[in-house]
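Residue-level structural notes
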Amino acid sequence: MRFLAVTLTLLAPLPALAQTTPVTPIVKGTALPPPASEEAAVLAPIKGLFAAIAARDGQAVLPFVRAEGRATAAGNKPDGTPVVNSRSWADFAAALKPGAERFEERMPNPAIEVDGDIAMAWGDYVFLVDGKAVHCGVNHFDLIRENGTWKVFNVTWSRRTTGCPGQ
């Protein structure tokens, strides 16, 4: 009996030490139901970025982003060596030039988390040139709401050239 009392006394503080998460974490490969009003607002600047990419108009990117943020890609060189390329939004916009090829990026089922004035959207994507998948992976967008409008702060994506939908 004394052993049980000592054990219960020692274990009693453990629930207070356990961390709790106020929302269920996003499980990889899942997505929220179709966007409601808040989720649609979070997706608006992402769709704006995709439209700017499709238009091949770097200046059209800038209204949707926070200037101090970054665009970062993680992938592998042909020899398998990991490589990370990161650039400012200004450099990203400057690299997006007019051309004959048709660009399209799709992210069909993004998962979205919102907490106050920060949000995250992530999901599988595929990037097409003239309708052909050239790379794919996972996009991860960090967003900030300022003056009631969502802006992309950072985007990070994995990049692979095999196993893409439509290849």
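Report follows, based on the coordinates.

What counts, and at which threshold
Each chain has its residues counted from 1, following the order in which its sequence is written. Restriction of local features to residues with pLDDT of at least 70 applies here, the model being predicted, together with a cutoff of 80 or more for giving and counting side-chain atom pairs; totals for whole chains, interfaces and linings are based on all residues. Water and hydrogen atoms were dropped before computing side-chain values, which therefore reflect all heavy atoms in the structure. Helix and strand definitions follow DSSP, with helices as H or I runs of at least four residues and strands as E runs of at least two, each counted in order from the N terminus. Burial here depends on accessible area, computed with a 1.4 Å probe over protein chains only, as a share of the maximum for the residue type. Under 20% is buried, over 50% is exposed, and the range in between is partly exposed. Between two residues, a contact is recorded if the distance between any of their heavy atoms is within 4.5 Å. To be clear on the numbers: accessible area is Shrake-Rupley with a 1.4 Å probe, and residue cover counts the displayed protein chains and nothing else. Salt bridge, as applied in this entry: a Lys or Arg side-chain nitrogen positioned within 4 Å of an Asp or Glu carboxyl oxygen. Cysteine sulfur atoms are paired as a disulfide whenever they fall within 2.5 Å.

**Digging into the overall build of the protein chain**
A count of helical and extended segments in the protein chain gives 4 helices and 7 strands. Listed by position from the N terminus, the elements making up the protein chain come as α-α-α-β-β-α-β-β-β-β-β. Within the span of the protein chain, comprising 167 residues, buried residues form 31% of the whole. Partitioning the contacts of the protein chain with sequence separation of at least 6, the portion at a separation of at least 24 is 55%. Counting only carbon and sulfur atoms, one obtains 60% of the accessible surface of the protein chain, whose full area is about 10,600 Å².

**Some points on the pattern of salt bridges**
Considering all chains together, one arrives at 5 salt bridges under this definition. One salt bridge connects arginine 66 with glutamate 68, and the closest N-O pair in it is separated by 2.2 Å. For arginine 66, a relative accessible area of 24% puts it in the partly exposed group. We note a salt bridge from arginine 66 to glutamate 146, for which the minimum N-O separation is 2.5 Å. Pair noted here: arginine 66 is in strand β1 (residues 65-76) and glutamate 146 is in strand β6 (residues 132-146), with a separation of 80 residues, a long-range link. Accessibility expressed as a relative area gives 26% for glutamate 146, which makes it partly exposed. One network of salt bridges, in which partners are shared, links Glu38, Asp117 and Arg145.

**What to know about the state of the cysteines**
Enumeration over the complete set of coordinates arrives at 1 disulfide. Between the sulfur atoms of cysteine 136 and its disulfide partner cysteine 164 the distance amounts to 2.2 Å. Its S-S torsion of approximately -85° makes the covalent link between cysteine 136 and cysteine 164 left-handed. Placement of cysteine 136 in strand β6 and of cysteine 164 in the segment after β7 (149-159) is noted, with a sequence separation of 28 residues between them. Grouping residues by exposure puts cysteine 136 and cysteine 164 together as buried.

**Comments concerning the environment of glutamate 39**
The residue glutamate 39 is located in helix α3 (residues 37-55) in this model. With a relative accessible area of 21%, glutamate 39 lands in the partly exposed category. As a C-alpha pair, glutamate 39 and valine 114 span 75 residues in sequence and 8.0 Å in three-dimensional space.

**Concerning unusual backbone geometry**
A positive phi is found at aspartate 130, a non-glycine position, where the angle reads about 50°. Judged by its relative accessible area of 44%, aspartate 130 falls in the partly exposed class. Here asparagine 147, not a glycine, exhibits a phi torsion of approximately 50°, which is positive. Here asparagine 147 is to be found in the loop between β6 and β7. Among the residues examined, asparagine 147 registers a relative accessible area of 83% and is labelled exposed.

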